[in-house]
Amino acid sequence: MTTTTTPPQRRAALAASAWVPVGGAVFVSAWGGNQFTPLLVMYKQHGLSHVVVDTLLFVYVFGIVPALLIGGPASDRWGRRPLMLPAPILAGLGSVALALGADSVTLLSIGRLLSGVALGLAMAVGGSWVAELSSAAGAPIGVGARRATMCLTAGFGVGAAVAGALAQWGPWPTVTPYVVTVALSAVSAVSLRHVPETRVRNTSGPKASLLTDLRIPSVFTRRFLLVVAPVAPWVFGACAIAYAILPDLLSGHTTMPIALAAACCLLGLTAGFGIQSVGRRIDAPGSVRGLVVALVVLIPGLLMAIAAAVTHSIPVGLLAAAILGCGYGMALIGGLLEVQRIAGPDDLGGLTAVFYALTYIGFGSPALLSWLIERFPSLNYREFFLVGLLMVGVCLVVVLIGGRLSGGRGTDSP
């Protein structure tokens, strides 16, 4: 019996490109998750109330969080492939429901939930898979996290831009944006079939229960609780302000409100994508520099948002979206790099899931603001942004103290 071996150069080439289909699935899932955002104005124009539409924006968090918190640890137990393969399929099914549900809150909710499950799996499982495939190919530490976050951000940005453009200028605005996602999801699902597994299942020794696997000890380290957790909600809190609240604030001052919403998404996420490419250089192991920079960048972003609320200036609003996008990008890459340093050998997926679950707290802000303004008409956007500034200051103090207490070591107990 003879055996053949793959030349070392060929093995390296295969390993080096293996992360690409997984990154593509993360991209498509992010596209499906964010395509709804620039269409908020459209659905409000079609008669749905502000509170209902902004709640639909948040509904997909109820799909994301369980997928994150269960999918991440489950992939640590059973492997990345079985948990990640359904993600693009669910993204496609969610888009089908959204395309059919223009006049049905129930169908829109189902579509958002499915999109959320797909995105949650992509973020927790896909992000870990990309990082491990990159590491296996010999990429430096941090490259995998950067690849995962850049695929995620690119999907958020391109998906929102394409959906907004098709809804503003294309035929069948409530259907056409979602058809593109269905096609991309099908291609992505096929491309994932032959990606190698990176998480080897342990078949020897006593087997712990899944409930035991769902426990993530590194969540309770000082470094995570005092440095990562305070910044996490600002990841998508910044996004929610940039491409949900600001477009709603300025929609009455333009003849193309859907295009404006898409522009806010594209500018904010392009800025976030760009800053991630240098975020690893800004971040420094053992310090809190990366996350401090993220919080500091949010301050001028919120100040510009206040200026937009006062002047109703679209250029000022677009500038605010871009600055907030930079804060989003730094908070995301800084948080993920910290997670990679903090996580134990068996809970990278689980800790990544907890981090992402915390980031989505920020996406509840548009629905909360709409409800508060409806209940208390005297409230305005400027007051909301001022409260945001105060919260950024508090988080900044906590992170600085947490960095000093933890000394950069993720293993310290609280």
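Residues numbered from 1 in each chain as written. Predicted model: local features only at pLDDT ≥ 70, side-chain atom pairs only at ≥ 80, totals over all residues. Heavy atoms only, no water.

Caption draft 1: Representation of the overall build of the protein chain within the structure. When its secondary structure is counted, the protein chain shows 19 helices and 0 strands. For 414 residues, the compact-globule estimate of 2.2 N^0.38 gives 22 Å, and the protein chain sits close to it at 21 Å. The dimensions of the protein chain, computed from C-alpha atoms along their principal axes, are 75 × 50 × 40 Å. When each of the 414 residues of the protein chain is scored for burial, the buried share is 55%. Intrachain contacts of the protein chain at a sequence separation of at least 6 include 84% that bridge at least 24 residues. Surface exposure of the protein chain reaches about 16,700 Å², of which carbon and sulfur atoms provide 70%. One way to put it: in the protein chain the 24 positive side-chain charges average out to a point 9 Å from where the 14 negative ones average out. (Helix = DSSP H or I, 4+ residues; strand = E, 2+ residues; numbered from the N terminus. Rg over C-alpha atoms; globule rule 2.2 N^0.38 Å. Buried < 20%, exposed > 50% of the residue type's maximum accessible area, 1.4 Å probe, protein only. Contact = heavy atoms within 4.5 Å. Areas by Shrake-Rupley, 256 points an atom, 1.4 Å probe, with all protein chains shown as cover. Lys, Arg positive; Asp, Glu negative; His and termini not counted. Charge placed at Lys NZ, Arg CZ, Asp CG, Glu CD.)

Caption draft 2: Here's a closer look at the packing of helix H13 (residues 232–250) against helix H19 (residues 381–406). Here H13 crosses H19 at 165°, and the two axes come no closer than 13 Å. In terms of their interaxial angle, H13 and H19 are classed as roughly antiparallel. Crossing of H13 against H19: the hand is left-handed. Contact residues: H13 offers Trp-234, Ile-241, Ile-245, Leu-246, Asp-248 and Leu-249, while H19 offers Tyr-381, Phe-384, Phe-385, Gly-388, Met-391, Val-392 and Cys-395. (Axes fitted to C-alpha atoms, helices over the stretch in contact; angles between N-to-C directions. Parallel < 35°, antiparallel > 145°, perpendicular 65-115°, else oblique. Left-handed = near helix turned anticlockwise from the far one by under 90°.)

Caption draft 3: Inspection of helix H2 (residues 19–34) at higher detail. For H2, built from 16 residues, the straight-helix expectation of 22 Å at 1.5 Å per residue is met to within 8% by its first-to-last C-alpha distance of 22 Å. Here H2 lies mainly inside the structure; 12 of its 16 residues are buried. Inspection of H2 places Trp-19, Val-22, Gly-23, Ala-25, Val-26, Val-28, Ser-29, Ala-30, Trp-31, Gly-32, Gly-33 and Asn-34 among the buried residues, and these make up the whole buried set. (Expected span 1.5 Å × (residues − 1).)

Caption draft 4: Here's a closer look at the environment of Gly-329. Among the structural elements, Gly-329 can be located in helix H16 (residues 314–342). On the basis of relative accessible area, Gly-329 is assigned to the buried category, the value being 0%. When the C-alpha atoms of Gly-329 and Gly-279 are compared, they prove to be 7.9 Å apart, with 50 residues separating the residues in sequence. What Gly-329 contacts, discounting residues up to four positions off in sequence, is Gly-272, Ile-275 and Gln-276.

Caption draft 5: Examining the packing of aromatic side chains more closely. Under the defined criterion, the tally for this structure stands at 13 aromatic pairs. Between the aromatic rings of Phe-236 and Tyr-360, the centroid separation amounts to 4.2 Å while the plane-to-plane angle is 25°, which identifies the pairing as stacked. Placement of Phe-236 in helix H13 and of Tyr-360 in the loop between helix H17 (348–359) and helix H18 (365–375) is noted, with a sequence separation of 124 residues between them. A relative accessible area of 1% means that Tyr-360 is categorised as buried. Seen from their ring centres, Tyr-360 and Phe-363 are 5.7 Å apart, and the 20° between their planes marks the pair as stacked. Judged by its relative accessible area of 0%, Phe-363 falls in the buried class. In this structure, Arg-112 packs its charged tip against the face of Tyr-60, placed 4.0 Å from the ring centre. (Phe/Tyr/Trp six-rings, centres within 6.5 Å; stacked < 30°, edge-to-face > 60°. Lys NZ or Arg CZ within 6 Å of the ring centre and 35° of its normal.)

Caption draft 6: Main features of the side chain of Glu-338. Among the secondary structure elements, Glu-338 is positioned in helix H16. When sequence neighbours within four positions are dropped, the list of residues in contact with Glu-338 reads Arg-223, Val-228, Ser-287 and Leu-291.

Caption draft 7: Representation of the nonpolar core. Ranked by internal contacts, the top residues of the largest apolar core, which has 116 residues, are Leu-246, Phe-355, Tyr-360 and Phe-385. No other element matches H13, which puts 15 residues into this core. Filtering out sequence-adjacent residues up to four positions away, Phe-355 remains in contact with Phe-224, Val-228, Ala-232, Val-235, Ala-331, Leu-332, Gly-335, Leu-336 and Val-339. (Core = buried A, V, L, I, M, F, W, Y, C linked by side-chain atoms within 4.5 Å.)

Caption draft 8: Inspection of the pattern of salt bridges at higher detail. Applying the stated criterion to the full structure yields 5 salt bridges. Salt-bridge contacts for Asp-54 lead to Lys-44; the nearest nitrogen and oxygen are separated by 3.3 Å. Of this pair, Asp-54 sits in helix H4 (residues 50–59) while Lys-44 sits in helix H3 (residues 40–45), placing them 10 residues apart in sequence. Look at Asp-54 and you get buried, because its relative accessible area is 2%. Among the salt bridges present, the one from Glu-132 reaches Arg-80, with a minimum N-O distance of 2.5 Å. With Glu-132 in helix H8 (residues 105–136) and Arg-80 in helix H6 (residues 80–84), the pair connects residues that are 52 residues apart, well separated along the chain. Assigned by exposure class, Glu-132 and Arg-80 land together as buried. Several salt bridges share partner residues, and in doing so they unite Lys-44, Asp-54 and Asp-248 into one network. (Salt bridge = Lys/Arg side-chain N within 4 Å of Asp/Glu carboxyl O.)

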